[in-house]
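# Coordinate analysis (summary)
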Amino acid sequence: PPVPLFDYDLVSTRAVYRNCLPRDVPSLLALAGRRAAGLGADPAAAREAAAVPVSALTRHKTGGSILLIEVGPATVGYCILTTSWSHALGGTVLGVEELHVEPGHDRLVLAGDLLALLAKVSPAGAVASRVAPGVADRKLRAACARAGFHSEADPGMIRDMRRDTP
């Protein structure tokens, strides 16, 4: 049977990045709600929307992972990781779908720390990792560049193929 994307914790001197367990889901959904509120969106809708990938990644552990970011005893953020196949690169690409660090913690340092760890201990068969910081987020783009990322010429487009969406 396939193994989970990450079945181990990532540990650095700055934080612990560990798999979200079923008991952690309420905390994860609360983080997603606070992230949405910080972006001016509806926290309740964000918590409801976050429940979909949490449920999917719980059922299909080989397609991705949700890592909680812990500094000391506090959970200060999360990262949703997925995998996809790249014909051009000839292997699996690890995608950072969402990365959130609570206000009051240095998100750029923790983001750079996590991205560097992922490069060192990526799952077998992974040939690249992809992150999509917003164009306007210059600080996060700079942190990604320091972690060895470069811009792609074509960021691509996506269409939802689930049957239950219009």
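Residues numbered from 1 in each chain as written. Predicted model: local features only at pLDDT ≥ 70, side-chain atom pairs only at ≥ 80, totals over all residues. Heavy atoms only, no water.

## Some words on the overall build of the protein
Defined as follows: Only DSSP runs of H or I reaching four residues or more are called helices, and only runs of E reaching two or more are called strands; each is numbered from the N terminus. The buried label goes to any residue with under 20% of its type's maximum accessible area, the exposed label to any with over 50%, and the partly exposed label to all in between, with areas taken from a 1.4 Å probe on protein chains only. Should any heavy atoms of two residues lie within 4.5 Å, those residues are considered in contact. In short, Shrake-Rupley with a 1.4 Å probe defines the accessible areas, and a residue's cover is counted only from the protein chains shown.
Scanning the protein from N- to C-terminus turns up 4 helices and 6 strands. Listing each helix as α and each strand as β along the protein from the N terminus yields β-β-α-α-β-β-β-α-β-α. Taking all 166 residues of the protein together, the buried fraction comes to 34%. The contacts in the protein between residues at least 6 apart in sequence include a share of 56% that link residues at least 24 apart. In the structure as shown, the protein presents an accessible area of about 10,400 Å², 58% of it carried by carbon and sulfur atoms.

## Side note on the confidence of the model for the protein
Spelled out, the test is: pLDDT is a residue-level measure of predictor confidence that goes from 0 to 100.
Taken residue by residue, the protein gives an average pLDDT of 79. The fraction at 70 or more is 81%. Looking across the protein, the model is least confident in helix H2 (residues 43-59), with a mean pLDDT of 74, and most confident in strand S2 (residues 16-19), with 92.

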